[in-house]
Amino acid sequence: MTYKRFTDRLPIIPADAKEFNVTCHYCIVGCGYKAYTWPLNRQGGLAPAENKFGVDLREQQPLETEAWYAPSMYNVVKQNGRDVHLVIKPDVNCVVNSGLGSVRGARMAENRRSDVTGTQQQRLTDPMVWRYGTWQPTTWDDALDLVARVTARFIDMDNEDDLFVSMFDHGGSAGGYENTWGTGKLYFGAMKVRNCRIHNRPAYNSEVHSSRDMGVDELNYAYEDYTLTDTIMIVGANPLECQTNLFLNHMVPGLRNGAKAIIIDPRRTVTVRACEEAAGAENVLHLQPNSGTDLALLNAMFTYIADQGWVDRDFIAASTFADGIAVPEDSAHPAALGSFDRAREACRMSIAEAAGICGLAEADIIKAAEWYARPHEDGSRRKAVIAYEKGIIWGNDNYRTIGALVNLALATGNIGREGGGVCRLGGHQEGYFRPSDAFIGRPAPYFDQLLTSGRGRVHHIWACDHYKTTLNASVFKREYNRRTNMVKEAMDSAAGATREELVSAIEGAIRAGGLFSVNVDIIHSQIGQAAHVILPACESGEMNLTSMNGERRLRLVERYMDPPGQAMPDCLIAARLANHLERVLTEEGRTEYAARFKGFDWQSEEDAFMDGYHQANPEVTYERLRAMGNNGVQEPVVGYKDGKLIGTVRLYADGVFTRHGRADGKALFCLGGWRGLQAPGKAQQKANYRFLINNGRSNINWQNWFLDQDNDFVIDRFPLPFLQINPDDAAELGVNNGDMVEVYNDVGATQAMIYIEPTARRNETFMLFGAPSGTQGNVINAGVNELILPNYKQTWANIRKIADASPATAPLSFKSWEVRL
């Protein structure tokens, strides 16, 4: 970390420093940054002509000067094989963040690998193969030949069911249009791999099936809508923590302009307090429902709004389906879809009934309905925007609950208009572009359950670490280790054998129940400990990368440094694997099958982009995106004129809804009545264990800590995942701040560090999700909804003390997150 590198001064960026467009690769907001590089033996001067920003550095600078940067924004990296200075600082001209930098994005530079400053030495640099009882570095050809030969033993034309694939579906760090196309063309184009899963859930599926089935893409607004709206409704999300600059640069101005805030969350989060500060406590309504009861609350709001007549009847008549049931409830649709009147009937829930289910006051539910939909005194319709995320996406009855949110927006005409929208807040950026996956079917196979029951013989993993981000993780890890160890033992016994003999030994172990694991990643991950071949990828900034943010803003991150060692982009790794599969299959005389792996002759990531995304969006090229800078263009791109790409500010402004593919362009309502805790085993677990183990992110620990686990700034703050707990509960358990506890139930056990939080409710805790040293997934049961969406949020367990605070945790601050301003 920079403050431990004895950094007492920073070099001045010279006027002729190279400048690159950069989009932060952490969260979905996609803040704009500028990267500057220049030779190691030079720096700029104090005079205006001698530094990049043209200011007189001999004078005191203003408070928010663009010329300033922090030690966390500086490093020394390789560029074209030479050491160069690197500064990555917020772009004041980017409309997304307006110069703001989050605790994640503003540390991008220090989280680059550097052989000079010693940062991120954990990065993978060479392909590795399991040999002689450990992983040995090797060449790409050697590693990929082994992967191709083993894979070829278990796949055949039109039958790749023994090949299991885990792969990212997002943009940003590990994804982007280049890399999703590369992996997608391999597994869905050249092959038809059915047994897939996505990086954070145990099947290959959407997280928002109902919204899409209703005709509404989940990213349909513009961030500016938060500044134009009358009401911001936040459901199952904590944007100050997880989408920091979206909240600060867009939501806060909206609140200060007079917007009211409705926040539906069992926890009192930092977002609640910040909204009260920005809008005044009287303009913030925090509803804290019992865990998993959001659907009852939303249906009651929908019923009340409809009964009061606060709906947009013109919009409903013009833009929504009117003839009863359009899509019946079946195995692919956990609720029927149809007209407003049928949805109103199916979803009917009284205020009193919802109050009893949710544990809320009736008056508060009515107030929420009024704030969302009650017209202004002059009769004009109220503008309202809904922002939702993992709290309901990974919560109870996903399909119906998200459908209930979309019902509210459709009924009030709050989609496609300024100040409206019903949108995910998101995790990663988006960058999905692959051939059709329709052949997989719906519901998709429950990947984890198949794998732990002995199915699958070869497993290709792309930027995923299921040991940290899956449900029923204890069972998954135990079975995965057992099966992959069988293959390691076979490989050890074949030391000194020919390649053909080695592959035969591996095949024998696999047919006896083993699993051959290939792991593509940027670091040595936990699931990578079980792998037999490890392939080093590069990430944003080490390659050119395109992706879009939460308002569909497409940008190009320009390559500003070399990847470490032999690491290369995922799209090129996929292409090289395809090349080797073509060669191996041809050698074996399987020429017809081998021909399917042609067309991967890419030499750069731009080749992959042009082969994939560009073919469907011919106006978009690297050159044109580079010219659009960090403001980019909002998708879909509809043209190119006067040297600029022309985009779409918000979807459905014409009132035509197409996400479901219906020719009539009419949106559908969701007929999703309340049915209790839906996922198998949840109600029983709640009855048997005391504590709700809610879970999510913290601002400083992003995703699964993939880079932060080797960053002193982060690990010094939270060396272990914290468990926030009510003070009275802590006293009953005999635990204090920093103590180590075990969280356990009938599924498994994990550990956490106690963090006493006065705002936590009795018997309700909050634990970090995806932490490397305390996996919350160990205590989540295997229950999923009908479409194999995980219910990570409704988990109950007991807690017992393991040990007093250790030297690592004793000196930490445990101040309440309820900041008094």
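Quick notes on the rules
Chains are numbered independently. Their residues run from 1 in the order of the written sequence. For a predicted model such as this one, the threshold for reporting local features is a pLDDT of at least 70, and the threshold for listing and counting side-chain atom pairs is 80 or more; totals across whole chains, interfaces and linings nevertheless cover every residue. As a rule here, side-chain values come from all non-hydrogen atoms in the structure, and water together with hydrogens is ignored. Here, the term disulfide refers to a pair of cysteine sulfur atoms separated by no more than 2.5 Å. For every residue, the accessible area (1.4 Å probe, protein chains only) is compared with the maximum for its type, and the residue is labelled buried under 20%, exposed over 50%, or partly exposed between those bounds. Note on conventions: DSSP H or I runs of at least 4 residues are helices, E runs of at least 2 residues are strands, and numbering of each starts at the N terminus. Here the limits of each domain have been adopted from an automatic or database domain assignment. Whether two residues are in contact is decided by their heavy atoms, any of which lying within 4.5 Å being enough. The term buried area denotes the loss of accessible surface (1.4 Å probe radius) that occurs when two parts are joined, taken as the sum for both partners. Between Lys or Arg on one side and Asp or Glu on the other, a salt bridge is scored when a side-chain nitrogen of the former is within 4 Å of a carboxyl oxygen of the latter. Only strands that DSSP links by at least two bridges are regarded as paired with each other. Axis lines are fitted to C-alpha atoms, over the contacting stretch for helices. Their N-to-C directions set the angle, which ranges from 0 to 180 degrees. Given a helix with a known number of residues, its expected span is that number minus one, times 1.5 Å. UniProt positions are given in the numbering used here, feature names are shortened, and annotations may be inferred rather than shown by experiment. By nonpolar core we mean a set of buried residues, namely Ala, Val, Leu, Ile, Met, Phe, Trp, Tyr and Cys, connected to one another through side-chain atoms within 4.5 Å. Convention used here: angles under 35 degrees read as roughly parallel, angles over 145 as roughly antiparallel, angles from 65 to 115 as roughly perpendicular, and any remaining angle as oblique. What makes a crossing left-handed is the near helix being turned counterclockwise from the far one by less than a right angle; a clockwise turn instead makes it right-handed. By the criterion applied in these results, polar contacts are pairs of N or O atoms within 3.5 Å in which, for protein atoms, one can donate a hydrogen and the other can accept it, and in which residues neighboring in sequence qualify only through two side-chain atoms.

**Student:** Teacher, can you tell me more about the state of the cysteines here?
**Tutor:** Linking two cysteines covalently via their sulfur atoms produces the bond known as a disulfide. Enumeration according to the criterion identifies 0 disulfides in this entry. Free cysteine: Cys-27, not disulfide-bonded; nearest cysteine sulfur from Cys-31 at 6.2 Å. Judged by relative accessible area, which is 7%, Cys-27 ranks as buried. Residue Cys-94 stays outside any disulfide, its sulfur separated by 7.0 Å from that of Cys-31, the closest cysteine.

**Student:** Mind showing me how you'd approach the pairing of strand E9 (residues 231-235) here?
**Tutor:** Put simply, side chains in a regular strand alternate between the two faces of the sheet. The element E9 is extensively covered by neighbouring structure, given that 5 of its 5 residues are classed as buried. By the alternation rule, side chains of E9 split into Thr-231, Met-233 and Val-235 and Ile-232 and Ile-234, which are all buried.

**Student:** Got a minute to help me understand the domain arrangement of the chain in this structure?
**Tutor:** Taken as a whole, the chain is organised into domain 1 (18-111), domain 2 (128-197 + 431-611), domain 3 (220-429) and domain 4 (682-805). The gap between the C-alpha centroids of domain 3 and domain 4 is 28 Å. Counting from both sides, the interface comprises 25 residues of domain 3 and, opposite them, 22 residues of domain 4. Summing the contributions of domain 3 and of domain 4, the shared interface buries around 2000 Å²; its carbon and sulfur component is 52%. Between domain 3 and domain 4 we count 0 salt bridges in total.

**Student:** I tried to follow the sheet that holds strand E14 (residues 384-388) on my own but got confused; where do I start?
**Tutor:** The 5 strands lie next to each other as E11-E10-E9-E14-E15, forming an open sheet whose pairing is parallel. The two strands at the open ends of the sheet, each matched to only one other strand, are strand E11 (284-287) and strand E15 (422-424). Across the sheet, the mean angle separating the axes of adjacent strands is 15° when strand polarity is ignored. Taken strand by strand, helix H14 (residues 398-411) contacts E9, E14 and E15, and its axis lies near 170° from that of E14.

**Student:** Quick question: what am I supposed to make of the sheet that holds strand E1 (residues 18-23) here?
**Tutor:** Neighbouring strands of a sheet are bound in pairs by backbone hydrogen bonds; such pairs are parallel or else antiparallel. With respect to topology, 4 strands assemble into an open sheet ordered E1-E2-E4-E3, the strand pairing being antiparallel. Both outer strands of the open sheet, E1 and strand E3 (74-79), are each paired with one neighbouring strand and no more. Adjacent strand axes in the sheet meet at a mean angle of 35°, parallel and antiparallel pairs treated alike. Strand direction decides the pairing type here: E1 and strand E2 (residues 32-39), joined by 6 bridges, are antiparallel. Bridging from a neighbouring strand, Val-22 pairs with Tyr-33 of E2.

**Student:** Where do I start with helix H8 (residues 294-308) in this structure?
**Tutor:** Along an α-helix, residues three or four positions apart point the same way, because every turn accommodates 3.6 residues. Given a rise of 1.5 Å per residue, 15 residues ought to cover 21 Å, and the 21 Å separating the end C-alpha atoms of H8 matches this to within 8%. Taking burial as the measure, the 15 residues of H8 include 13 buried ones, the bulk of the element. Positioned one or two residues after H8, Gly-309 has a phi angle of 80°, which is positive.

**Student:** Hey, could you run me through the UniProt feature "domain: Molybdopterin oxidoreductase" (unreviewed entry) in the chain in this one?
**Tutor:** Mapped onto this numbering, the UniProt entry annotates "domain: Molybdopterin oxidoreductase" (unreviewed entry) at residues 123-579. Between the C-alpha atoms that bound residues 123-579 there is a distance of 26 Å. The span itself is 40% helix and 15% strand.

**Student:** What should I look at first to understand the nonpolar core in this one?
**Tutor:** For soluble globular proteins, the rule of thumb is that nonpolar side chains tend to be buried together. In this structure, Tyr-187, Met-233 and Tyr-372 are the most contacted members of the largest nonpolar core, which totals 243 residues. Aside from chain neighbours lying at most four places away, what touches Tyr-372 is Thr-231, Met-233, Ile-262, Met-301, Ile-305, Arg-382, Ala-384, Ile-386, Leu-408, Ala-409, Thr-412 and Asn-414. In terms of nonpolar packing, the next biggest core, distinct from the first, is built from 15 residues, Val-743, Ala-752, Ile-756 and Val-779 among them.

**Student:** When you look at the packing of H8 against helix H11 (residues 351-358) in this model, what are you seeing that I'm missing?
**Tutor:** The axes of two packed helices give the description: the angle between them and the distance between them. Relative to each other, H8 and H11 sit at 165°, their axes nearing to 9 Å. Classified by the angle their axes make, H8 and H11 are roughly antiparallel. Remark: the crossing between H8 and H11 carries left-handed chirality. The residues of H11 that touch H8, namely those facing Ala-296, Leu-297, Ala-300 and Tyr-304, are Ile-351, Ala-354, Ile-357 and Cys-358.

**Student:** I'm lost on the pattern of salt bridges in this one. Help?
**Tutor:** Close approach of charged atoms allows side chains with opposite charge to pair. In this structure the tally under the stated criterion is 64 salt bridges. Here Glu-539 and Arg-112 are joined by a salt bridge, their closest N and O atoms 3.3 Å apart. Of this pair, Glu-539 sits in the loop between strand E18 (533-536) and strand E19 (545-548) while Arg-112 is found in the loop between strand E4 (82-90) and strand E5 (128-131), placing the two residues 427 residues apart along the sequence. With a relative accessible area of 1%, Arg-112 lands in the buried category. A salt bridge links Asp-142 to Arg-131, with the shortest nitrogen-to-oxygen separation between them at 2.7 Å. Placement of Asp-142 in helix H1 (residues 140-153) and of Arg-131 in strand E5 is noted, with a sequence separation of 11 residues between them. Residues joined by salt bridges that share partners form a network here, namely Arg-131, Asp-142, Asp-145, Arg-149, Arg-499, Arg-583 and Glu-587.

**Student:** Help me out: how do you make sense of the side chain of Glu-542 in this one?
**Tutor:** By the element assignment, Glu-542 lies in the loop between E18 and E19. A polar side-chain atom of Glu-542 sits 2.8 Å from a polar atom in the side chain of Arg-123. Once residues within four sequence positions are removed from consideration, Glu-542 is found in contact with Arg-123, Arg-559, Met-561, Asp-562, Pro-563 and Pro-564.

**Student:** Looking at this model, I keep getting lost on the UniProt feature "domain: Molybdopterin dinucleotide-binding" (unreviewed entry) in the chain. Mind explaining?
**Tutor:** With numbering aligned to this structure, UniProt lists the feature "domain: Molybdopterin dinucleotide-binding" (unreviewed entry) at residues 693-782. As a span, residues 693-782 carries 14% helix and 29% strand, and end to end its C-alpha atoms are 15 Å apart.

**Student:** I would appreciate a short explanation of the pairing of strand E20 (residues 553-557) in the present structure.
**Tutor:** With 5 of 5 residues buried, E20 lies mostly within the body of the structure. Burial along E20 is two-sided: Arg-553, Arg-555 and Val-557 facing one way and Leu-554 and Leu-556 facing the other are all buried. In this sheet, E20 lies alongside E19 in antiparallel orientation, the contact comprising 4 bridges. The residue bridging Leu-545 from the neighbouring strand is Val-557, located in E20. Hairpin connection between E19 and E20: a loop of 4 residues separates the two successive antiparallel strands, and Arg-552 in this loop has a positive phi of roughly 65°. As judged from the 2 bridges shared by E20 and strand E21 (residues 633-634), these two strands associate in the antiparallel manner. Its bridge partner being in E21, Arg-553 is matched across the sheet by Gln-634.

**Student:** Explain unusual backbone geometry here, please?
**Tutor:** One can expect most non-glycine residues to show negative phi and most peptide bonds to be in trans. Between Arg-442 and the following residue, Pro-443, the backbone shows a cis peptide bond with an omega angle of 5°. Examined against the element boundaries, Pro-443 turns out to sit in the loop between E15 and helix H15 (447-452). Between Glu-635 and Pro-636 the backbone carries a cis peptide bond, its omega angle lying at 0°. For Pro-636, the position within the fold is in the loop between E21 and strand E22 (639-641). Even without a glycine there, the phi angle at Arg-552 is positive, about 65°. Tracing the backbone shows Arg-552 in the loop between E19 and E20. Its relative accessible area of 3% is what places Arg-552 among the buried residues. Phi at Asp-642 takes a positive value of approximately 55°, unusual for a residue other than glycine.

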